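Here's the letter readout for the chains.
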Amino acid sequence: MIACIVVASERRRKQVWERVVPSIIAQPFDEVVVVGDWIELVPPQEVRYLCVAPLTRTTTDALVKRDAGTLATTSNILVYLCDDHALHPQFAVYLRQVADEPWDVLVPARYCYVNGETIMLNSGAEHGYCGGHSGVFRRAVLQR
């Protein structure tokens with residue numbers, strides 16, 4: 001099973017529901033959890049929403065949200081996204097294809113668009129960096 005966990009802050013609330021979540025629920029994820037710091041009355045039916053109030057208003061809050069999302073899921077593969085990450089349309093399909101291969105952590109390539117130009121960001125194999133808010137982890141690795 002594969003879960004997608006979005007670590008979200010209220011300042012990007014609109015973007016989460018209008019851009020990020022649609023890129024996730026259009027794919028074959030088994031669990032989708034958004035962990036934010038605002039009261040959400042009616043999240044989309046395909047999404048579980050958890051409200052985790054800010055503690056320090058630093059990256060510590062993001063770590064707490066990531067852990068809350070992890071504890072709220074049971075999938076053996078966990079995809080963590082920040083509240084400004086949208087997924088490639090075939091992302092979950094690819095994960096299902098490699099689910100039985102030997103790996104512990106996958107580092108997705110990240111990019112943004114600026115004035116119509118694609119700008120690669122500092123993650124992925126070529127950068128040797130995996131942000132905890134943009135990675136794919138086997139639950140067993142996190143438990144170890």
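To keep things clear, this report deals only with the structure shown in the data block. (Residues numbered from 1 in each chain as written. Predicted model: local features only at pLDDT ≥ 70, side-chain atom pairs only at ≥ 80, totals over all residues. Heavy atoms only, no water.)

1. Overview of the sheet that holds strand β4 (residues 77-82)
Read from one edge to the other, the open sheet built from six strands follows the order β3-β2-β1-β4-β8-β5, with strand pairing classed as mixed. Where the open sheet ends on each side, the last strands, each with one partner, are β3 (48-51) and β5 (105-106). Bridging between strand β1 (residues 2-7) and strand β2 (residues 31-36) involves five bridges; their strand directions are parallel. Directly across from Val7, in β2, lies its bridge partner Val35. Taken strand by strand, helix α1 (residues 13-25) contacts β1, β2, β3 and β4, and its axis lies near 155° from that of β2. (Pairing = 2+ DSSP bridges. Helix = DSSP H or I, 4+ residues; strand = E, 2+ residues; numbered from the N terminus. Contact = heavy atoms within 4.5 Å. Axes fitted to C-alpha atoms, helices over the stretch in contact; angles between N-to-C directions.)

2. Side note on helix α2 (residues 59-71)
With 13 residues, α2 extends 19 Å from end C-alpha to end C-alpha; this agrees with the ideal 18 Å at 1.5 Å per step. Three or more residues of α2 are buried, namely Asp61, Lys65, Gly69 and Thr70. Looking at the packing, one finds that the buried side of α2 touches β1, β2, β4 and α4 (139-143). (Expected span 1.5 Å × (residues − 1). Buried < 20%, exposed > 50% of the residue type's maximum accessible area, 1.4 Å probe, protein only.)

3. Focus on the side chain of Asp61
Relative to the helices and strands, Asp61 is located in helix α2. One buried charged residue, Asp61, remains without a salt bridge, the closest side chain of opposite sign being Arg57 at 5.7 Å. Looking at Asp61, its side chain comes within polar contact range of the main-chain nitrogen of Thr56, at 2.9 Å. If we skip the residues at most four places from it in the chain, Asp61 touches Pro54, Leu55 and Thr56. (Lys, Arg positive; Asp, Glu negative; His and termini not counted. Salt bridge = Lys/Arg side-chain N within 4 Å of Asp/Glu carboxyl O. Polar contact = N/O pair within 3.5 Å; in protein donor to acceptor, adjacent residues only side chain to side chain.)

4. Some remarks on the packing of aromatic side chains
Scanning the entire structure with this criterion turns up three aromatic pairs. Here the aromatic rings of Trp38 and Tyr49 are separated by 5.3 Å at their centres, their planes lie at 35°, and the arrangement is tilted. One end of the pair, Trp38, is in the loop between β2 and β3; the other, Tyr49, is in strand β3, with 11 residues separating them in the sequence. Trp38 gets classed as buried once you look at its relative accessible area, which sits at 2%. Here the aromatic cluster, defined as three or more aromatic residues joined through ring pairs, consists of Trp17, Trp38 and Tyr49. (Phe/Tyr/Trp six-rings, centres within 6.5 Å; stacked < 30°, edge-to-face > 60°.)

5. Thoughts on the pattern of salt bridges
Across all of its chains, the model carries seven salt bridges by this definition. In this structure, Asp30 and Arg96 form a salt bridge, with 2.9 Å as the shortest nitrogen-oxygen distance. In this pair, Asp30 sits in the loop between α1 and β2 while Arg96 sits in helix α3 (residues 91-98), placing the two residues 66 residues apart along the sequence. Exposure remark for Asp30: the relative accessible area of 39% places this residue in the partly exposed category. Since its relative accessible area comes to 36%, Arg96 is described here as partly exposed.

Honestly, it's all geometry; don't read function into it.
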